[in-house]
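Chain by chain, the residues run as shown.
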Amino acid sequence: MQEIEDKKLFYGVHAPSEIFQKYQCLLKSSDSGLQNHHMEENVTITTRIRIVNFILQNTQISPEETLQKLIKAKVFEAAFPLHKQEGLRQLLKENWARWRKILKKQPIEEIRSYFGEKVALYFAWLGWYTRILFPAAVLGLLVFLYGIFHFDSSQVSKEICEANTTIMCPLCDQKCPFWQLSDTCTYAKVTHLFDNEGTILFAVLMALWATVFLELWKRKRAEVVSGWELYGWDEDEEELALQLINNPAHTLKLYQHSYIRSTILLLLVLLMITVLIGLAHALVIYRVVATVVFTQSDFEFIRERASTMAVMTGAVLHYITIIIMTKVNRRVALFLCELEKPRTFSERENIFTVKIFTFQFFTYFSSLIYIAFFLGRINGRPGNYVRVAGKWRLEECHPSGCITDLFIQMAIIMTLKQTLSNFVEYLTPWLRLRFRKSLPNPKDKDKVHMEKGPEDSCKEQWLKNYQLNEVNVFSLFDEFLEMMIQYSFTTIFVAAFPLAPLMAFINNLFEIRLDAIKMVQLQRRIVPRKANDIGIWLQVLEAIGILAVIGNGLVIAITSDFIPMQVYKYTYSPCMLQNRTDINCLTGYINNSLSVFHVQDFEWQMKLPEKLPDFMRSEITECRYRDYRNSDDYNYSVQFWHVFAARLAFLILFEHVALCIKLIAAWYVPDVPQSVKNKHLQKKHENLRGVLRKIDHSTDV
């Protein structure tokens, strides 16, 4: 124990200058690349904090050791020299960590000088992402406004609103009545807000936007880190340098790979994904049961909107599931990360990032994938429904399509995530800090009449920092993960929710200041870490971009009614069959898209709707349902296969065109600006010339 105390004392008193010199020599470079001397001093301080913190993390410190002992050993002073940067902290507090500065440009250089490069790159990326979101938000808003301006002009909506004599098959068994198609007039009009001609163009442009955003960020990142003299910085080299500084006899950990361990990890990951998909199935069962319950409700408002109410309450339940499973996913990801035995801290961080994002992705999107691609397509037909546990029928889509259900689900989850979650994220540390400050401190009475010297002021500042909320080791990771999930919502199913970019843009304006206030005012100072990019999150963004192309293609081809309407328009419409030009070519689409079922084929007596006219109550011999089937044997009709082939052809064409556009955009926009390339080329040229001059000089001598 005495050896540990001596080691801490040495690092606390002597280490800051000695170790920093060793660190620079080992890396053969200085991290003070700025011209401003004040900035150079600040960057040096962040480097010292990083080095000493690494040493303390790798030193066995007794859990009972108190803050006063740390100060006495001068370790705390070495690790957190806040008194040297209090002016910079106040500058950030006044000019950045304020709600009224919400539209002001971020001081990235000052953030880097106080919090280190990794935090600065996070805020640089978040600011850039928010800026690039603006044109996408405007475009999505225009698509939504286009739907509003054509709210009453859709031929499909008109036919549904006028279908007073079209009787639909019951939505559930036994107690559910037949219903008139015209009862869902408003629902059909709302569907047209998101399922219109502008949706296709918007989906293609968003695929292009995602690519351009990544390419422009790569350029922005190259400019930023080049100014910090970190363009060619190697994270592995720095970690090795820190290990050698801490322990000159450090044993190098070599790269290892075990196929047995990898197989076990893969099986465990697949098992966890299966559990998450199982939860999505549980939500499906809830919506099925909820639809039956709401249909039998005594309240007419709920009874008439049973399907919509089931989707909305299911979305809220999905959000609650997300909150619970987020904690479970983190524990499982940590366990799997330890099982994998990563070699370095950066490797551990990358492994954990991939696993937690994979788990979170399935937690958030499993239910959305079901609604988008399976809802109403695996439920069977009247007389032969697919049932859960042989009892409850699966849900059906509205005759105008399933895209509104997907929109409702996304809107509720995204709204709750960006309001309630952010509210809790800010309020929790604020209340915890207020509660801690309200507790009486018995030592304050002894300090009332004492005169404070310079050393006491420093200790007071350290104590004030220590009394702030403890910084979670996942704090910055959590911010990145939150933004990646938001980016997924903004791109993957954006065809069904064109307002997602606008919601993300507004949220990020507040998110930047919320994170700034937390880091500067509510939490202890985060340990600065060096970085020259956002790490593996860039690969996550690229993967999301590819998923966005696939997801939006599937939404348009499968979820939307765009393809069936085009097939009808150019194959089965009056314009094609009768060569008529005086009517809308989609006239008769709804009647064509609904199949006929004979009521006598039901196994039980159905209830008639209360609003049904008297002359029709005894004449119902058939009802309609959404599908393309023959009326005699209920097999799929020829038109079903025409629509299926058209969906498949469109999906292949859309994805190939979108991916080609992404590749062309990635080629057209260089990752690194020419100015940055030329700067480093000139630097290499000057270094080589200097080496040659030294060689020539030594030869002459």
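Residues numbered from 1 in each chain as written. Predicted model: local features only at pLDDT ≥ 70, side-chain atom pairs only at ≥ 80, totals over all residues. Heavy atoms only, no water.

## Concerning the overall build of the protein
Point 1. Broken down by element type, the protein carries 27 helices and eight strands.
Point 2. Per-residue burial over the protein gives 50% buried out of 701 residues.
Point 3. Intrachain contacts of the protein at a sequence separation of at least 6 include 82% that bridge at least 24 residues.
Point 4. Surface accessibility of the protein: about 35,600 Å² in total, with carbon and sulfur atoms responsible for 61%. (Helix = DSSP H or I, 4+ residues; strand = E, 2+ residues; numbered from the N terminus. Buried < 20%, exposed > 50% of the residue type's maximum accessible area, 1.4 Å probe, protein only. Contact = heavy atoms within 4.5 Å. Areas by Shrake-Rupley, 256 points an atom, 1.4 Å probe, with all protein chains shown as cover.)

## Notes on the pattern of salt bridges
Point 1. Tallied over the full model, the rule gives 18 salt bridges.
Point 2. Put simply, Arg-330 and Asp-478 hold a salt bridge, and the shortest N to O gap is 2.2 Å. In this pair, Arg-330 sits in helix α15 (residues 306–340) while Asp-478 sits in helix α19 (residues 475–491), placing the two residues 148 residues apart along the sequence.
Point 3. Across the salt bridge formed by Arg-343 and Glu-347, the nearest N and O atoms sit 3.9 Å from each other.
Point 4. In this structure Arg-343 comes out as buried when scored by relative accessible area, which is 17%.
Point 5. Linked through salt bridges whose partners overlap, the residues forming this network are Glu-425, Glu-479, Asp-515 and Lys-518. (Salt bridge = Lys/Arg side-chain N within 4 Å of Asp/Glu carboxyl O.)

## Some remarks on unusual backbone geometry
Point 1. For Lys-341, which is not glycine, the phi dihedral falls at a positive 55°.
Point 2. Mapped onto the elements of the fold, Lys-341 is located in the loop between α15 and α16 (345–373).
Point 3. According to the relative accessible area criterion, Lys-341 is exposed, its value standing at 60%.
Point 4. Its identity is not glycine, yet Asn-579 carries a phi of approximately 55°, on the positive side.

## A look at the packing of aromatic side chains
Point 1. If you walk through the whole model with that rule in mind, you get 36 aromatic pairs.
Point 2. Plain terms: the ring middles of Tyr-129 and Phe-213 are 5.5 Å apart, the flat faces sit at 50° to each other, and that makes the pair tilted. One end of the pair, Tyr-129, is in helix α8 (residues 117–149); the other, Phe-213, is in helix α11 (residues 197–227), with 84 residues separating them in the sequence.
Point 3. Note on Tyr-129: relative accessible area 0%, which makes it buried.
Point 4. Phe-213 gets classed as buried once you look at its relative accessible area, which sits at 0%.
Point 5. Through pairs of rings, three or more aromatic residues link up here, namely Trp-96, Tyr-122, Phe-123, Trp-125, Tyr-129, Trp-209, Phe-213, Phe-352, Phe-477, Phe-480, Tyr-487 and Trp-537.
Point 6. Between Arg-525 and the ring centre of Tyr-114, over which it is positioned, the NZ or CZ distance is 4.0 Å. (Phe/Tyr/Trp six-rings, centres within 6.5 Å; stacked < 30°, edge-to-face > 60°. Lys NZ or Arg CZ within 6 Å of the ring centre and 35° of its normal.)

## Some thoughts on the side chain of Glu-479
Point 1. Relative to the helices and strands, Glu-479 resides in helix α19.
Point 2. Excluding anything up to four places from it in sequence, Glu-479 contacts Tyr-122, Glu-425, Glu-511, Asp-515 and Lys-518.

## With respect to helix α10 (residues 185–194)
Point 1. With respect to burial, α10 is a largely interior element, seven of its ten residues being buried.
Point 2. Listed in full, the buried residues belonging to α10 are Cys-185, Tyr-187, Ala-188, Thr-191, His-192, Leu-193 and Phe-194.

## Topic: the state of the cysteines
Point 1. Considering all chains together, one arrives at three disulfides under this definition.
Point 2. The residue that forms a disulfide with Cys-161 is Cys-185, at a sulfur-sulfur distance of 1.8 Å. As the torsion about the S-S bond is roughly 80°, the Cys-161-Cys-185 disulfide counts as right-handed. Of this pair, Cys-161 sits in helix α9 (residues 155–161) while Cys-185 sits in helix α10, and the two are 24 residues apart along the sequence.
Point 3. For Cys-161, a relative accessible area of 22% gives the class partly exposed.
Point 4. For Cys-185, a relative accessible area of 18% puts it in the buried group.
Point 5. Two residues share a disulfide in this structure: Cys-575 and Cys-585, whose sulfurs sit 2.1 Å from each other. Handedness of the Cys-575-Cys-585 disulfide follows from its S-S torsion of about -100°: it is left-handed. Here the residue Cys-575 occupies a position in helix α23 (residues 574–577), and Cys-585 occupies one in the loop between α23 and α24 (589–593), the gap between them amounting to ten residues.
Point 6. On the basis of relative accessible area, Cys-575 is assigned to the buried category, the value being 11%. (Disulfide = S-S within 2.5 Å.)

## Some details on the nonpolar core
Point 1. Core analysis: the biggest nonpolar cluster contains 145 residues, and Phe-115, Trp-125, Tyr-129 and Phe-493 have the highest contact counts within it.
Point 2. Take this core: its biggest share by element is 16 residues, from α8. (Core = buried A, V, L, I, M, F, W, Y, C linked by side-chain atoms within 4.5 Å.)

## Observations regarding the packing of α19 against helix α21 (residues 537–559)
Point 1. Running from N to C, α19 and α21 cross one another at 20°; their axes reach a closest spacing of 9 Å. Taken together, α19 and α21 sit at an angle that is classed as roughly parallel. Taken as a pair, α19 and α21 cross one another with a handedness that is right-handed. Residues Phe-477, Phe-480, Leu-481, Met-484, Tyr-487, Ser-488 and Thr-491 of α19 touch α21, and the partners they reach there are Trp-537, Val-540, Leu-541, Ile-544, Ala-548 and Asn-552.
Point 2. Tallied by class, the residues present in the contact of α19 with α21 amount to ten nonpolar, three polar and no charged. (Axes fitted to C-alpha atoms, helices over the stretch in contact; angles between N-to-C directions. Parallel < 35°, antiparallel > 145°, perpendicular 65-115°, else oblique. Left-handed = near helix turned anticlockwise from the far one by under 90°. Nonpolar A, V, L, I, M, F, W, Y, C, P; charged D, E, K, R; others polar.)

## Side note on the side chain of Arg-98
Point 1. Among the structural elements, Arg-98 can be located in the loop between α6 (86–95) and α7 (108–115).
Point 2. Here Glu-94 takes part through its side chain, which lies 3.2 Å from a polar atom of the side chain of Arg-98.
Point 3. Leave out the neighbours within four places in its chain, and Arg-98 touches Lys-93, Arg-513, Ile-517 and Gln-521. (Polar contact = N/O pair within 3.5 Å; in protein donor to acceptor, adjacent residues only side chain to side chain.)

## With respect to empty space enclosed by the protein
Point 1. This model, assessed by the stated rule, comprises two cavities of 30 Å³ or more.
Point 2. As a volume, the largest cavity reaches approximately 50 Å³.
Point 3. For the largest cavity, the full set of lining residues is Leu-276, Leu-279, Ala-280, Leu-283, His-318, Thr-321, Phe-362, Thr-363, Ser-366 and Ser-367.
Point 4. Those elements that place two or more of their residues in the lining of the largest cavity are α13 (259–295), α15 and α16.
Point 5. Looking at the lining of the largest cavity, its residues break down into five nonpolar, five polar and no charged. (1 Å grid on protein atoms, 1.4 Å probe; cavity = no way out; pocket = protein on both sides within 12 Å on 5 of 7 lines; lining within 4 Å. Points joined across faces, edges and corners; volume = space filled by probe spheres on them.)

Nothing here speaks to function; it is all geometry.
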